[in-house]
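# Structural overview
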Amino acid sequence: MKKLAILIAFFVSTNAISEELSPLSIFGGQATDEIAGSANFIDDAQIKKSGYTDIERLLNEVPGVHSQTEDGLGLRTNIGMRGVSALRTTKVNITEDGILQGPAVYSNPSMYFFPDTGRAEGIEVLKGAAAIGTGPRTTAGAINIISRSIPTESEGYYGFTMGDNNYHRNHTYYGDVMGNLSYVFEIQNTATDGYKEVEGASGNDTNAGFRKQSDLFKLRYTMPSSYIEFSSQNTTETSHESYIGLTKADFAANPYKRYGASSQDKMDNDYHRYILTYNMDLSPATNFVGKVYKSKYSRNWKKVGNIVVDADGTAGGSLESSFELNNVDWDGNCNSGTAKYDRACNIITNGTAMVTGEYLKRSMGHRDYAMYGYDMKLNHVMGNHDMTFGYRHHHDYRNRQDNGDSQKWVLGSNNTMVLDTNTVGTEGIQQERKSAWADSISFQDRITHGNFVTTLGVRYEDVEYDKIAATSGTLTKFENSETMLAASTAYSMGEGKTAFIGYSQGYNPTGPSSVEPEESDNYEIGYRSRNAAGFMEVVAFYVDYDQLNETCSIASGCGDASQDQKNAGEAHSSGVEFTMKVNNLFPSTQMKGAGDTSGVRYPFVFSATIQEAERDVTTDTESGADNIIDGNQLTYSPEESFYLSIGAETNDWDIKFAAKYTDEYFTNDANTLKTEDAWIVDFQGGIKLDKLGMQGARAFVNVDNLLDKTYMASAHEYGVRPNKPQSFMAGVTFDF
């Protein structure tokens, strides 16, 4: 099936992103003020000063972006934009250095791995029409993580942080130039024991945290009008995370408790990414950038998800068939009215002990993923036309590798997990495999005419899918294609003021499925103003889904690990995004009631999103999911979110208080499960140590959740979960 979509874009001239970062950027050589649509950039200094390694926290001030906290540590990201579901970040285009991050974007969209943002040099966020050039997901927007760039002269950095719950982080990089050769290497190690309290006696694993190691290496050879660069990035991670949350009753008693039944749950991740880049100026008006890339990712999430019980709790009685834990009455207090489900609930919540024959099944969720391909862009300036041609050939796959491996665990009366049986699956048995081959062609023409800058574009996606069924090895093929035209315009009103309007049609890959690709019409109109005192922007958007596709998975409460896409019918989202930044809230040399404050600046930031995201039809979904009701809210989409920060700074020291409000939102289609709303306040403070003879050094202290606010941040089918509690961290950094 083919479809046309239209996009229009307008820009106003300001300083563009640095030339060194341009090949890594998705901004197309433009600064945020030049882009017709909502665009945000978080720079290296801001990332370092925040101390955050959690992408969800780093994006707090960006309007129109919402996230659903799952572990409070930023390990399993759930990011949405403009009303699209945040679950597993399946609807937002994620790239690193302009290259797709998946781990398998087309064949398996769930983001079980996210680029290590703690070592990022910059983060770009595009929403709406401006994001069509990245692809393939063009409905909501795009996030690009810019990795450490090779410096133009000797440059180094080291940072060490310690904090609550045995938190520690080491981060260092160094780069230099040696004639035509230049390089940079970077290493980051982060670890914590976590903030949750695992129940149980000796024998249970009480670690609720993670260990993560990441490294980056880049080597460049520069020639008179070109360069070739090799990039390698590797990450390993072990996290003690579980799908099992708490019943609401237990959450009210102790939100940071973790059941002993989840004590053995653990996820191992191994990720490798390689990029070879060739950048050449063919003429003063023409530039070519070609990239060959490959990434491999393997994860093994060993977790409890099924249980076998004797409904009447009598040893030697009749055992029920194994069933999934989404049947448990997590919303209430083990009072579903079904004997076997209530017994399972009482066992897990330690209300009763197991009897002979009962057990918890711990599955070995081993999956291998890979992506590789090549990406080429040719930019040519001719008169008032700035044209970019793009082509990408991409292949990705997901392979299940568990072979039926599993374990039977018994939860004893003392709440300790004891291994009963270790079942080894049949070697050589056919495992499910999903694959995709995609060809993407794009063209954008940025036309400057008078006070207008208009961008016309076209994007074409042609995808072929394979799905090999487990055991039988049956091969099923699918294919679909989409053509998207685009246009937007921006009008420079002078004195830093710009108005813009845009229209685009959204697209989202289907995965190996017979369902048609997701389709939407996207509109936005906005105004921005920048001057020496600060910045203001307001954007109104409307997304009209002709067909909204949703991924059915265990994480979504669907009770289905197939990750298949399903047609959820028509829907819409609309809203307003607002940003105001003031460089110095009190610019005078004196504040009322205070002494001389000369040299002290008081930066202020306020951003807000008010949106509505609802279904427009009533349909019956396939088995395992809820009925879709016209007027129900789309899941994981808060109606309101606000960010407010105020600080004080000089050239030697700085402090900042930042508050983020997230509204409650529903987590299931029936709109019966929802989170709570809350304001979370963070504190950051630092001081340079130059006057103590430590040139380039800075000491800092950060407090996440300063007021120690606790709320229900997540409400999946496996129970509810809290946000991260008050957490202290302090450290020192050195620039050299």
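Keep in mind it's a predicted model, so treat the numbers as computed, not measured. (Residues numbered from 1 in each chain as written. Predicted model: local features only at pLDDT ≥ 70, side-chain atom pairs only at ≥ 80, totals over all residues. Heavy atoms only, no water.)

## Things to note about the overall build of the protein chain
Across its full length, the protein chain holds 4 helices and 39 strands. Projected onto the principal axes, the alpha-carbon positions of the protein chain cover approximately 85 × 65 × 55 Å. For the protein chain, the residues scored as buried account for 58% of the 736 residues in total. If you take every contact in the protein chain between residues at least 6 apart in sequence, the share linking residues at least 24 apart comes to 66%. Side-chain charges in the protein chain split into 63 positive and 97 negative, and the spacing between the mean points of these groups amounts to 3 Å. (Helix = DSSP H or I, 4+ residues; strand = E, 2+ residues; numbered from the N terminus. Buried < 20%, exposed > 50% of the residue type's maximum accessible area, 1.4 Å probe, protein only. Contact = heavy atoms within 4.5 Å. Lys, Arg positive; Asp, Glu negative; His and termini not counted. Charge placed at Lys NZ, Arg CZ, Asp CG, Glu CD.)

## Structural notes on the state of the cysteines
Scanning all chains against the criterion turns up 1 disulfide. With its sulfur 2.1 Å from that of its partner, C334 forms a disulfide with C345. On the S-S bond that ties C334 to C345, the torsion sits near -65°, and the link is left-handed. Of this pair, C334 sits in the loop between β18 (323–324) and α4 (339–348) while C345 sits in helix α4, and the two are 11 residues apart along the sequence. Across the pair, exposure class does not vary: C334 and C345 are buried alike. (Disulfide = S-S within 2.5 Å.)

## A look at the sheet that holds strand β8 (residues 141–146)
With mixed pairing, 5 strands are arranged side by side in an open sheet as β2-β7-β8-β5-β6. Strands with a single pairing partner mark the edges of an open sheet, and in this sheet they are β2 (39–42) and β6 (99–100). Bridge count for strand β5 (residues 93–96) against β6 is 2 bridges, and the pairing is antiparallel. Across the sheet, T95 pairs through a bridge with L100, a residue of β6. (Pairing = 2+ DSSP bridges.)

## Observations regarding the nonpolar core
Among the nonpolar cores identified, the biggest contains 36 residues, and I307, L325, I348 and L360 are the most heavily contacted of them. Within the residue set of this core, elements represented by two or more residues are β16 (266–283), β17 (286–308), α4, β19 (359–382), β21 (406–411) and β37 (712–716). Counting residues per element, this core draws most heavily on α4, at 5 residues. Once you skip the residues sitting within four places of it in the chain, I348 turns out to touch Y259, A261, I307, L325, W330, L360 and L411. Membership of the second largest hydrophobic core comes to 28 residues, among which are Y52, L58, M111 and V543. (Core = buried A, V, L, I, M, F, W, Y, C linked by side-chain atoms within 4.5 Å.)

## Here's the deal with the pattern of salt bridges
One pass over the full model with this rule turns up 40 salt bridges. Note that R82 is salt-bridged to E577, the shortest N-O span being 2.8 Å. Placement of R82 in the loop between β4 (79–81) and β5 and of E577 in strand β31 (residues 571–582) is noted, with a sequence separation of 495 residues between them. In this structure, E577 and K127 form a salt bridge, with 3.7 Å as the shortest nitrogen-oxygen distance. Remark: K127 occurs in strand β7 (residues 122–127) and E577 occurs in strand β31; sequence separation between them is 450 residues. Residue classification places K127 among the buried residues on the basis of a relative accessible area of 0%. One salt-bridge network, in which partners are shared between bridges, spans D44, K48, E121, R148, E186 and D735. (Salt bridge = Lys/Arg side-chain N within 4 Å of Asp/Glu carboxyl O.)

## Digging into α4
Buried residues dominate α4, accounting for 7 of its 10 residues. Of the positions making up α4, those classed as buried are Y341, D342, R343, A344, C345, I347 and I348. In this structure, the buried side of α4 is in contact with β17, β18, β19 and β21. N350 occupies a position one or two residues after α4 and carries a positive phi of about 70°.

## Digging into the environment of Y523
Secondary-structure assignment places Y523 in strand β27 (residues 518–531). For Y523, the contacting residues outside a window of four places in its chain are G502, Y503, A540, F541 and Y542.

## Digging into the pairing of strand β28 (residues 534–547)
Sheet topology places β27 next to β28; 13 bridges connect them, and they run antiparallel. Its bridge partner lying in β28, R528 is registered against E537. Between the antiparallel neighbours β27 and β28 lie 2 residues. Alignment of β28 against β31, held across 12 bridges, turns out to be antiparallel.

## Observations concerning the confidence of the model for the protein chain
Per-residue confidence for the protein chain averages 89 on the pLDDT scale, and 92% of its residues sit at or above 70. Contacts from residues 1–16, a stretch scored under 50 in pLDDT, to residues over four places away or in other chains number 88 contacts. (pLDDT = per-residue confidence, 0-100.)

## Quick notes on unusual backbone geometry
In the segment running from G102 into P103, the intervening peptide bond is cis, with an omega of 20°. Mapping P103 onto the fold places it in the loop between β6 and β7. That bond from G135 to P136 is cis: its omega, 5°, falls within 30 degrees of zero. Along the polypeptide, P136 turns up in the loop between β7 and β8. The phi dihedral of N165 is positive, around 55°, even though this residue is not glycine. Relative to the elements of secondary structure, N165 occurs in the loop between β9 (155–163) and β10 (167–178). A positive phi is found at T471, a non-glycine position, where the angle reads about 70°.

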